[in-house]
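Structure assessment
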Amino acid sequence: MVGLKEELLKAIWHAFTALDLDRSGKVLSHNLCTVLNVPHDPVALEEHFRDDDEGPVSNQGYMPYLNKFILEKVQGNFDKVEFNRMCWTLCAKKNLSKSPLLISDEDAFKVWVIFNFLSEDKYPLIIVPEEIEYLLKKLTEAMGAGWQQEQFDHYKIALNTSREGLSAWELIDLIGSGHFSKGMDRQTVSMAINEVFNELILDVLKQGYMLKKGHKRKNWMERWFVLKPNIISYYVSEDLKDKKGDIILDGNCCVEALPDKDGKKCLFLIKCLDKSFEISASDKKKKQEWIQAIQTTVSLLRAGSPPPHKEARQKRKELRQKLLAEQEELERQMKELQTANENKQKELETVRKQLEAAAARAAEEEKKRLQTQVELQDRFSLELEREKMVRQKMEEQVAQKSSELEQYLQRVCELEEMYKQLQEALEDEKQARQDEETVRKLQARLLEEESAKRAELEKWHLQQQQTIQMTEAEKQELENQRMIKERALQVAMQQLEQLELERKEALEQYEEVKKKLEMAANNTKSWKDKVAHHEGLIRLIEPGSKNPHLITNWGPAAFTEAELEQRQKSWKGKKTSSE
């Protein structure tokens, strides 16, 4: 509410300063009550503007009435454009430049309203160079032209040398002169002013044509949509004369993209608590821009933040206030430094005077000193002659002493050389001792290692001796066993040789017996042949054996069983005797 009061006061201030209050104060108050939808109070109005000496008809006296009877009763349910136009009508005729401008009166009115929005909160009202730059940049961007920073910097320098800022009428002259819109026609400039006016004053965040689906007939109609911080209004056309409805926005609203359907493309849906709205943009870029703008507006409503341009204006104002405070602090420090500097200057002046007095005293003392010096010079000249004679004697003594000193110095040099040699010898001896000590420690360590190794070797030697002794005993035992085995082997070999001999003898006997059998067989065969030849049936009568004969694989044996037993007994006897 405080911000609204400040905005109203700026417009009222222009109208108030342009009127003769004694004659037109009643008219202004009546018009303000009308456009602000505030109830009239004729009694207070007549009491305030009665024609006597008690009536507070001065500029200062009108503000209490304005605050108490008008501004404190404003509820915000009034048309801002109509209010500004009423104030503009009262002040434009008196203050507007008579020279021809490149903008219309309507555009000048809009620039005047924008000035009230961007001007500083102090009177008389001015717009500072930073806000002028902001406004001109917005207009240049709206016209689609490039911003000339260097040109504005020159203008800003010229402006700062003469004043702090521009009044509303000077700002209108600046924009109407076309100084910063060269090459642009009147229509382009007018459209740019209207666009900036809509954004900064009417809080229009975005506007444009789109298709809207009806809730009852479900048909699609083209509408001109206007997005503001808490509402989206849609009209038949962009002249805003035939309003068709509003979409009330709050923190619970949301917007989402829809797929193409029913032959409509670039669709999106705005969801509110009581109703949803289907809208079709002209292309994908417009669709995304509207979705982003509505989402940003809803986010600001949820956060309780003002519109972006108002928040930006507040931040710029706070920044200027901060810079101003820093500048005032710097000025205060500069004043303190200047005061300190002046004090230092005074101190230096005092010191200078003291130095001048001291210099005068020093000059007087110097004069006295010179007189004393002349007197002393005469006295010292006599003493100088005596000193020359003494000096000559001293020089002779010094020459003698110098000779002695040279000899002494030469001796000292020799002693120093000897001392250096002794030092080097001592260093060498010290190094040799250190090396000897190192070698001795090394030898001691080696002896310790050798003794340790020798003890270990002796231990290994004892273990080897024990092992050798055990090995010798085992070897002796094995040798005995070997001897026993060798003797047994020799006996076995002898037995084997004996058996071999017996086998050979048996083979020889076997050969003899075999020969005998062959001879007997031959003889028998010859007898059989003879008998067969004579075809006789005579069977030869042979003498029968007294003992039964053994039968072998080759026929009857050549010896009997008794003879075999006798041979076996003889073999066993030989074997026993050999063992």
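Residues numbered from 1 in each chain as written. Predicted model: local features only at pLDDT ≥ 70, side-chain atom pairs only at ≥ 80, totals over all residues. Heavy atoms only, no water.

As named in an unreviewed UniProt entry, the protein is Switch-associated protein 70, taken from Bucorvus abyssinicus.

The next subject is the sheet that holds strand 7 (residues 276–280). The strands making up a sheet associate through hydrogen bonds between their backbones, and the pairing can be parallel or antiparallel. If you trace the seven strands from one edge of the open sheet to the other, you get 4-3-2-1-7-6-5, paired in antiparallel fashion. Only two strands of the sheet have a single partner each, and these edge strands are strand 4 (243–248) and strand 5 (254–258). Taking the axes of each pair of neighbouring strands and ignoring which way they run, one obtains an average angle of 35° across the sheet. Bridge count between strand 6 (residues 267–271) and strand 7: five bridges; the pairing is antiparallel. Within strand 7, the position partnered with Leu267 by the bridge is Ser280. (Pairing = 2+ DSSP bridges. Helix = DSSP H or I, 4+ residues; strand = E, 2+ residues; numbered from the N terminus. Axes fitted to C-alpha atoms, helices over the stretch in contact; angles between N-to-C directions.)

With that out of the way, let us pick up the confidence of the model for the protein. Predicted confidence across the protein gives a mean pLDDT of 83, with 89% of residues reaching 70 or more. Below a pLDDT of 50 lies the segment residues 52–60, which in the model reaches nine contacts outside its immediate sequence neighbourhood of four places, other chains included. (pLDDT = per-residue confidence, 0-100. Contact = heavy atoms within 4.5 Å.)

With that settled, the discussion passes to the side chain of Lys213. Mapped onto the elements of the fold, Lys213 is located in strand 1 (residues 206–213). Although Lys213 lies buried, it forms no salt bridge, and the closest oppositely charged side chain, Glu278, sits 4.0 Å away as judged by the N-O distance. (Buried < 20%, exposed > 50% of the residue type's maximum accessible area, 1.4 Å probe, protein only. Lys, Arg positive; Asp, Glu negative; His and termini not counted. Salt bridge = Lys/Arg side-chain N within 4 Å of Asp/Glu carboxyl O.)

Attention now moves to helix 9 (residues 168–176). With seven of nine residues buried, helix 9 lies mostly within the body of the structure. Listed as buried for helix 9 are Ala168, Trp169, Leu171, Ile172, Leu174, Ile175 and Gly176.

Below, the discussion takes up empty space enclosed by the protein. The tally for this structure, following the rule as stated, stands at two cavities of 30 Å³ or more. One number sums up the size of the largest cavity: a volume of about 200 Å³. Lining the largest cavity are 14 residues, and of these Glu7, Lys80, Asn84, Val113 and Ile201 lie nearest its centre. Taken together, the residues of the lining of the largest cavity sort by class into eight nonpolar, two polar and four charged. Of the voids in this model, the second largest cavity is the one considered here, and its volume is about 100 Å³. Every residue lining the second largest cavity is listed: Leu136, Leu139, Thr140, Met143, Leu174, Ile175, Gly178, His179, Phe180, Ser181, Val189 and Ile193. Looking at the lining of the second largest cavity, the elements that each hand over two or more residues are helix 7 (129–143), helix 9 and helix 10 (186–200). The element contributing the most residues to the lining of the second largest cavity is helix 7, with four residues. Partitioned by chemical class, the residues of the lining of the second largest cavity number eight nonpolar, four polar and no charged. (1 Å grid on protein atoms, 1.4 Å probe; cavity = no way out; pocket = protein on both sides within 12 Å on 5 of 7 lines; lining within 4 Å. Points joined across faces, edges and corners; volume = space filled by probe spheres on them. Nonpolar A, V, L, I, M, F, W, Y, C, P; charged D, E, K, R; others polar.)

The final tally for this structure, using the stated rule, is 29 salt bridges. Close ionic contact of Lys310 with Asp203 constitutes a salt bridge, the shortest N to O distance being 3.5 Å. Separated by 107 residues along the polypeptide, Lys310 in helix 12 (residues 308–534) and Asp203 in the loop between helix 10 and strand 1 bring together distant segments of the chain. For Asp203, a relative accessible area of 11% puts it in the buried group. Where salt bridges share partners, they join Glu120, Glu131, Arg316 and Arg320 into one cluster.

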